[in-house]
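As a plain string of letters, each chain reads:
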Protein chains: 2
Amino acid sequence: MTTVLIVDDQPLQRYGFRMLLDSVPGTEVVGEAAHGAEAVRMAAQMRPDVVLMDVRMPGMDGIEATRRIVAAGDRSRVLVLTTFDIDEYVYAALRAGASGFLLKDARPEELLAGIRAVAAGDAVIAPTLTRRLLQEFARLVPPAADGSAQDSRLASLTEREREILVAIGKGWSNSEIAGHFVLAESTVKTHVGRVLSKIEARDRIQAVIFAYDHGLARPHAG
Amino acid sequence: MTTVLIVDDQPLQRYGFRMLLDSVPGTEVVGEAAHGAEAVRMAAQMRPDVVLMDVRMPGMDGIEATRRIVAAGDRSRVLVLTTFDIDEYVYAALRAGASGFLLKDARPEELLAGIRAVAAGDAVIAPTLTRRLLQEFARLVPPAADGSAQDSRLASLTEREREILVAIGKGWSNSEIAGHFVLAESTVKTHVGRVLSKIEARDRIQAVIFAYDHGLARPHAG
DNA sequence: GTGCAGGTGGTACCGAGGTACTACGGCCCT
DNA sequence: AGGGCCGTAGTACCTCGGTACCACCTGCAC
């Protein structure tokens, strides 16, 4: 039995979802919340398998509520619903830890399948959104992560020079690089100079940017 | 009628797919290819709606073939199939322009639904992979793109200082920044100095890295 | 062998970058 | 009227990075 918590500020919408879920065996609506704060409280109390979460709500919105429910770590998975496929919502929801993202105009079977998948630990995305998400994803994944065409400038570097470039990308000074590779600083300068000329960078700063753009350096924010 | 090209190096596998697709109305198998090069040639010739592409193949693999078919721009969409859910394949396939990614152990209905969705212009991903893809995606989307916790160091910057930091992140020199904002270079130095001290960076290089890590600068590789 | 590429090291020089101040006008808040 | 904060600008000084050379060694190819 999959337990579900319905979160939506519109009573009629909640009623519709409840009717749908009650009509099929295997799912049980264990509660309804009208806004984010109530959703967080009820989720903590009843620990439903799946939280059916509306994004647009007065007060605490669905994204923030999702973040808190996921952070609570009660194993509840959140399936976010929205009327329109507004991109920022999608990204924010996924970052918040949502397990799925569906449009409210989904067919009942799709919604039920989504709930089952989420309860099983899988993730679901509305097919319409998937395409855009994939495009965005492809844009984000750095070129170096696959076998696609490498920049000829990068290819012209020797093994050592690539190592030096990675070190530059980490923000290391010449003396730090010298220390790390056990080299004289003058040697490092020679290497750095060659790297800069090969990748057509005027300073090591441009080299750092080059390294990020080509996936040799990776963000590690947090 | 959805036209399909089957690409797989194993004859038996191709036979299975053909039997499945022939058994349902609405799809028509217009050809079979045993390796990447043949797939590219046949796709260009027959312009199928959907190419059912195996990843693992001798010679040109499915990824490279996908890249070329998509690059040809013949409106053929590629649905990639793999036996195992190996991550690099997924990312590489998506970057190559695949419209979907399914596992070979998918149920027939799933495969058919996938083909129909891809033909309709949507994208599909195996539910099992979706979860990991979403995690990866959430990791890649920079913190600045949603409303999550900002670095206090970033918050301590004034409006002007943030502008200066963005400029530093673009790799601009002090004099370039001065020119762009119509300032004296000495003023820029003052700002830069304050930015470095506030974000606890010893160099402008560390500042560039900080900018990338916090989403103030974005890669634009090509 | 001769020649070339890559890695290592050195010297000399100069300009950009960074630090450490000071200073002043415009705001807003009290 | 005074005190902050912010943006602007300046001077002085020193370090680091980058350039332009040259030199030597190793290994590999012809």
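You'll find the structure just up there.
First, a word on scope: everything that follows refers to the structure included in this document. Quick caveat, the model's predicted, so the values are computed rather than measured. (Residues numbered from 1 in each chain as written. Chains lettered and ligands numbered in written order. Predicted model: local features only at pLDDT ≥ 70, side-chain atom pairs only at ≥ 80, totals over all residues. Heavy atoms only, no water.)

The next thing to look at is the protein's contact with DNA strand C. Taken together, 15 residues surround DNA strand C, and among them A:Thr158, A:Arg160, A:Arg194, B:Lys189 and B:Arg204 come closest. Within 4 Å of the protein, the atoms of DNA strand C are drawn from sugar and phosphate moieties in a proportion of 60%. A:Thr158 places a polar side-chain atom, nitrogen or oxygen, 2.5 Å from a phosphate oxygen of DNA strand C. Between DNA strand C and A:His191 there is a distance of 2.9 Å, counted from a phosphate oxygen to a side-chain nitrogen or oxygen. Among the elements of the structure, α10 (185–198) of chain A together with α10 (185–198) of chain B are those that each provide at least two residues to the surface near DNA strand C. With five residues, the top contributor of residues to the surface near DNA strand C is α10(A). Its residues placed into classes, the surface near DNA strand C shows three nonpolar, seven polar and five charged. (Near = heavy atom within 4 Å. Polar contact = N/O pair within 3.5 Å; in protein donor to acceptor, adjacent residues only side chain to side chain. Helix = DSSP H or I, 4+ residues; strand = E, 2+ residues; numbered from the N terminus. Nonpolar A, V, L, I, M, F, W, Y, C, P; charged D, E, K, R; others polar.)

With that out of the way, let us pick up the nonpolar core. Core analysis: the largest hydrophobic core is formed by 98 residues, its most contacted members being A:Leu52, A:Met53, B:Leu52 and B:Met53. With seven residues, the single largest contributor to this core is helix α4 (residues 87–96) of chain B. Sequence-distant contacts of A:Leu52, defined by excluding residues within four places in its chain, comprise A:Val4, A:Leu5, A:Ile6, A:Val7, A:Phe17, A:Leu21, A:Leu79, A:Leu81, A:Leu111 and A:Ile115. In terms of nonpolar packing, the next biggest core, distinct from the first, is built from 46 residues, A:Leu196, A:Ile199, B:Leu165 and B:Val195 among them. (Core = buried A, V, L, I, M, F, W, Y, C linked by side-chain atoms within 4.5 Å. Buried < 20%, exposed > 50% of the residue type's maximum accessible area, 1.4 Å probe, protein only. Contact = heavy atoms within 4.5 Å.)

All right, on to the pairing of strand β4 (residues 77–82) of chain B then. Residues and elements named next belong to chain B. Within β4, five of the six residues are buried, which leaves it mostly tucked inside the rest of the structure. Sheet analysis places strand β3 (residues 50–54) next to β4, joined by five bridges and oriented parallel. Across the sheet, residue Met53 finds its bridge partner in β4, namely Val80. What joins β3 to β4 is helix α3 (residues 62–72), and the crossover it makes is right-handed. Two strands pair when backbone bridges link them, and β4 and strand β5 (residues 100–103) are joined in this way by four bridges, in the parallel orientation. When the sheet's bridge partners are listed, Leu79 is paired in β5 with Gly100. (Pairing = 2+ DSSP bridges. Right-handed = clockwise from strand over helix to strand, strands pointing away.)

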